[in-house]
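Each chain, written out:
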Amino acid sequence: MPNPLIAIWDYLKEISGENAYDKYLAIHTATHPDKSPMTRGEFYRARQDEKYANPGSRCP
Amino acid sequence: MNRAGSLAIWVGVAVVGAICWGMLALSRGETVNAAWLLFAALASYAIAYRFYARFIQRKVLETDDSRATPAERLNNGQDFEPMDRRVLFGHHFAAIAGAGPLVGPVLAAQMGYLPGTIWIIVGVILAGAVQDMTTLFFSMRRNGKTLGQMAREEIGPIGGVAALIAVLSIMVILLAVLALVVVNALAQSPWGTFSIAMTIPIALLMGVYLRFLRPGRVLEVSLIGVGLLILAIVGGGWISESSPYGPAWTFGANAVAIALIAYGFIASVLPVWVLLAPRDYLSTFMKVGTILLLAIGIALTLPAMEMPKATEFAFNGEGPVFAGALFPFVFITIACGALSGFHSLIASGTTPKLIQKESQIRFIGYGAMLMESFVAVMAIIAATTLDPGVYFAMNANPSLLGDTAQSASQAVNGFGFQVDPQTLTQTAQNVGEDSIIGRTGGAPTLAVGMAQIFSGVIGGTVLQAFWYHFAIMFEALFILTTVDAGTRVGRFMIQDLLGNVVPAFRNASWLPGNLVASGLIVAGWGYFLIAGVNDPLGGINQLFPLFGIANQLLAAVALTVGTTILIKMGKLRYAWVTALPLLWDAAVTLTASYQKIFSANPSLGFFAQRTEAQKSLQAGEVNDVMSALGAQSLEDVRQVMTNTTVDGVLSIIFAVAIIVVIADAARVWIGVMRSGARPEDLSEAPYEESRLDSDGREVETREPVGAGS
């Protein structure tokens, strides 16, 4: 049986986007092994700018 | 599980629900325990989710899991990307749950706990969650188009323009009302002001950390941020008691309002990573954490509800918190948690681009809204477990309450409730404030309720002041995040509008355009905020109904779009699923608008107030009607004159917009009914076979494309 604490931690990492770079890296190396990937800093800065290029409305 | 077992369970849930509802409705005299309310809500949600939401998903919308969603078809790793349903549920819930479900129910508690509770639970099941789920589905079938785009395409340009006006004006009123809630919580409160002010340096620190020091370490930085927030709350307690700093951090309402307006402008102009992004993380974690804490607190303490089932204000419409009778004003005041038009903006646009499988709209759209409704139920519990006398002393129009505990106690007696001055002073002292009188807006009331519940679990009266400011902090934090984000959204809308005339405005990074548009949107809500702070008739009393009407107007747009699409899909016999909530919503909104515009009763109608103010000005003295409403000088009367004119004109605009949208849509409905529905008229994206399973994994063998089910 999986440890519930680890499951919660994994969920938090997933929902907060903390593991997004690892996922990006895996896909990048699989699809473009010839090009060098973005660094962690570049990746998150680009992602943040993208996300807020169109800031969604939030409910009151 | 076998059929009989499942049947037995659902019969059991139904019986538990029925017993709880019976206890709530039939109890006489003695106070009722909150547990009945909790279980009535949970049983109703479970039945609605299992049966009604499933009916909508299978029969009405006919979701098709063999059909690829936009997330799969247009996957670009950015805005389109299949996301795990549990993760997406979290994101969607965080976007729809804000201060709304906490504030509205507290204000509506003046009518007793039952009217609000019934509307929150029945409303979410039949209207609110239906709106969220159907909008999510229709937007998903259209590659994530926004509500405005769908209104334009499915109804026509007139409906589209009315929808745009609705969105922009709701934004302005919404930001003003939310900011007013914060102002009322922070004015004359050094503790609150200090701890909220500290969130700015904390956000700055987190922003730099996240962008440059340790990019992307979101959990780490959020933990640091929450730790610093707790320190800021504790520090606020020291500040408020120390002699030079306490008075230095004590500001009047106008000073706090101006600070908020300046903050809103600066935050909108700066890049997002400086304030908005870190605030987003911080407020999301605080929000979810506090909601969990509240649920645990209520479950452990099981408080009794002190407020009557229904007060006389439900029927005579003379409530001191806001004027107007149960119908339509409970349904206006409680928007988030029951039916909130704002959600349709989130359910169209962002979330539909991330859904993996069509059938998941039930869990994400309907489910997340049920959860928000549950938050509203907890808010009404927290507010009604307070002593009703304390409740009214906190929430009535401050100018009727006077400045002292003595005068407030007398005023509360006048409303038909008892509270002695000592209780008011003691309650204020327990939560670390000088006074709690006339702290309107809902947030402080909820904070006192939450502090009493939390301190029942941990800390006793010693920690009550901490818990109170913890609750204020969390409400203010996510209200400020909404103000931050809302100002930016409004700024982009204005830049887009002005871009039609001067194309340079379209470029979001063009600094002059940024400054002008930010200035315009901030001036818009800033105007209403300052007017609300200084309104002699009580800013919340006057503005909250406008906010409610605007929000429900947006819901009417979403439900109209939904009904139109259902009819066009050839689903006329199921169109009642969205048409009945629309009918109800239109009846509520239009009745409320009618009363706000035409009522001859000066405590209710804007223009009746205006006429009395005019009479006063002509006579050169404050007449009885004006002074009974709270105006004390001719200066006050002049202010009433201006405010009621603006509010009245806005009410007219809202009412006209809703009539235009529905009339324009009715034209489309009749046309379709006459010529028969042709599915090719729908602007849905064409069918493509899905290659993912329900967990988002690629399916091995690929069936021939076009083999629709």
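A. Region of the structure containing the overall build of chain A. A count of helices and strands for chain A gives 3 helices and 0 strands. Taken from the N to the C terminus, the helices and strands of chain A come in the order α-α-α.

B. How the structure looks around the overall build of chain B. Per the secondary structure count, chain B includes 29 helices and 2 strands. Here the C-alpha radius of gyration of chain B, 25 Å, is about what a compact globule of 709 residues would show, namely 27 Å. Taking the principal axes of its C-alpha atoms as reference, chain B extends roughly 80 × 60 × 55 Å. Sequence separation of at least 24 residues holds for 80% of the intrachain contacts in chain B that already meet a minimum separation of 6.

C. Geometry of helix H1 (residues 3–26) of chain B. Residues and elements named next belong to chain B. Here H1 is 24 residues long and its end C-alpha atoms lie 34 Å apart, about the 34 Å a rise of 1.5 Å per residue gives. When we look at burial in H1, the residues that qualify are Gly 17, Cys 20, Trp 21 and Leu 24. The elements touched by buried residues of H1 are strand E1 (32–33), helix H2 (34–60) and helix H6 (113–141).

D. Here's a closer look at the interface of chain A and chain B. Between chain A and chain B, the residue contacts involve 22 residues of the former and 37 residues of the latter. Residue assignment for the side of chain A that touches chain B shows that the elements contributing at least two residues are helix H1 (4–16) and helix H3 (40–51) of chain A. Of the residues in the side of chain A that touches chain B, the class split is 9 nonpolar, 6 polar and 7 charged.

E. View of the packing of helix H20 (residues 405–415) of chain B against helix H21 (residues 421–430) of chain B. Residue and element names in this part refer to chain B. Viewed as axis vectors pointing N to C, H20 and H21 meet at an angle of 120 degrees, and their least axial separation amounts to 8 Å. Viewed along their axes, H20 and H21 adopt a mutual orientation that is oblique. The element H20 and its partner H21 pack so that their crossing is right-handed. Taking contact as the criterion, the partners of Ala 405, Gln 406, Ala 408 and Ser 409 in H20 are, on H21, Pro 421, Leu 424 and Thr 425. Of the residues contributing to the contact of H20 with H21, the split by class is 4 nonpolar, 3 polar and no charged.

F. Molecular detail of the environment of Ala 586 of chain B. Residue and element names in this part refer to chain B. Within the secondary structure, Ala 586 is located in helix H26 (residues 576–598). With 156 residues separating them in the primary sequence, Ala 586 and Asn 430 have C-alpha atoms 44 Å apart. The contacts of Ala 586, once residues within four sequence positions are left out, are Ala 556, Ile 658 and Ile 662.

G. Quick peek at the nonpolar core. Counting 228 residues, the largest nonpolar core has Ile 173, Ala 176, Ala 179, Val 182, Val 183 and Val 557 of chain B as the members making the most contacts within it. Each residue touching Ala 179 of chain B, except ones within four places of it in the same chain, is listed here: Leu 260, Val 483, Trp 525 and Leu 529 of chain B.

H. Region of the structure containing the packing of helix H10 (residues 218–241) of chain B against helix H13 (residues 276–301) of chain B. All names here are of chain B. Packing of H10 against H13 brings their axes to within 10 Å, and their N-to-C directions diverge by 70 degrees. The pairing of H10 with H13 is recorded here as roughly perpendicular in orientation. Side by side, H10 and H13 meet where Val 218, Ser 222, Gly 225 and Val 226 of the first sit next to Pro 278, Tyr 281, Leu 282, Phe 285 and Met 286 of the second. For the contact of H10 with H13, the per-class residue count stands at 7 nonpolar, 2 polar and no charged.

I. Quick look at the confidence of the model for chain A. Counting all residues, the mean pLDDT for chain A is 83, and 87% of those residues have values of 70 or more. Predicted confidence in chain A is weakest over H3 of chain A, with a mean pLDDT of 85, and strongest over H1 of chain A, with 89.

J. Quick look at the environment of Gly 116 of chain B. All names here are of chain B. Position of Gly 116 among the secondary structure elements: in helix H6. By C-beta crowding, Gly 116 is classed as buried, having 34 other C-beta atoms within 10 Å. The sequence separation of Gly 116 and Val 640 amounts to 524 residues, and the corresponding C-alpha distance is 30 Å. Here Gly 116 is in contact with Pro 105, Ala 108, Ala 109, Met 111, Val 330, Ile 334 and Ile 380, once residues within four sequence places are set aside.

K. Local environment of H1 of chain A. Between its terminal C-alpha atoms H1 of chain A stretches 18 Å, which fits the 18 Å expected from 13 residues at 1.5 Å a residue. In the segment just after H1 of chain A, Gly 17 of chain A is the residue with positive phi, at about 85 degrees.

L. Molecular detail of the confidence of the model for chain B. Residue and element names in this part refer to chain B. For chain B, per-residue confidence averages 91 on the pLDDT scale, and 98% of positions sit at 70 or higher. Summarising per-element confidence for chain B, the mean pLDDT is lowest in helix H8 (residues 157–186) (86) and highest in H6 (97). Note that pLDDT drops below 50 for residues 702–709; the model gives that stretch 8 contacts with residues more than four away or on any other chain. What the predictor reports for the complex is a pTM of 0.93 with an ipTM of 0.88.

M. Representation of the environment of Asn 413 of chain B in the model. With respect to the element layout, Asn 413 of chain B can be found in helix H20. Residue classification places Asn 413 of chain B among the partly exposed residues on the basis of 14 C-beta atoms within 10 Å.

N. Quick peek at unusual backbone geometry. Here Phe 327 of chain B and Pro 328 of chain B are connected by a cis peptide whose omega angle stands at 5 degrees. Structurally, Pro 328 of chain B is set in helix H15 (residues 326–333).

The rules behind the values
- Residues numbered from 1 in each chain as written.
- Chains lettered and ligands numbered in written order.
- Predicted model: local features only at pLDDT ≥ 70, side-chain atom pairs only at ≥ 80, totals over all residues.
- Helix = DSSP H or I, 4+ residues; strand = E, 2+ residues; numbered from the N terminus.
- Rg over C-alpha atoms; globule rule 2.2 N^0.38 Å.
- Contact = placed C-beta atoms within 7 Å.
- Expected span 1.5 Å × (residues − 1).
- Buried ≥ 20, exposed ≤ 12 C-beta atoms within 10 Å, placed from the backbone.
- Nonpolar A, V, L, I, M, F, W, Y, C, P; charged D, E, K, R; others polar.
- Axes fitted to C-alpha atoms, helices over the stretch in contact; angles between N-to-C directions.
- Parallel < 35°, antiparallel > 145°, perpendicular 65-115°, else oblique.
- Left-handed = near helix turned anticlockwise from the far one by under 90°.
- Core = buried A, V, L, I, M, F, W, Y, C linked by C-beta atoms within 7 Å.
- pLDDT = per-residue confidence, 0-100.

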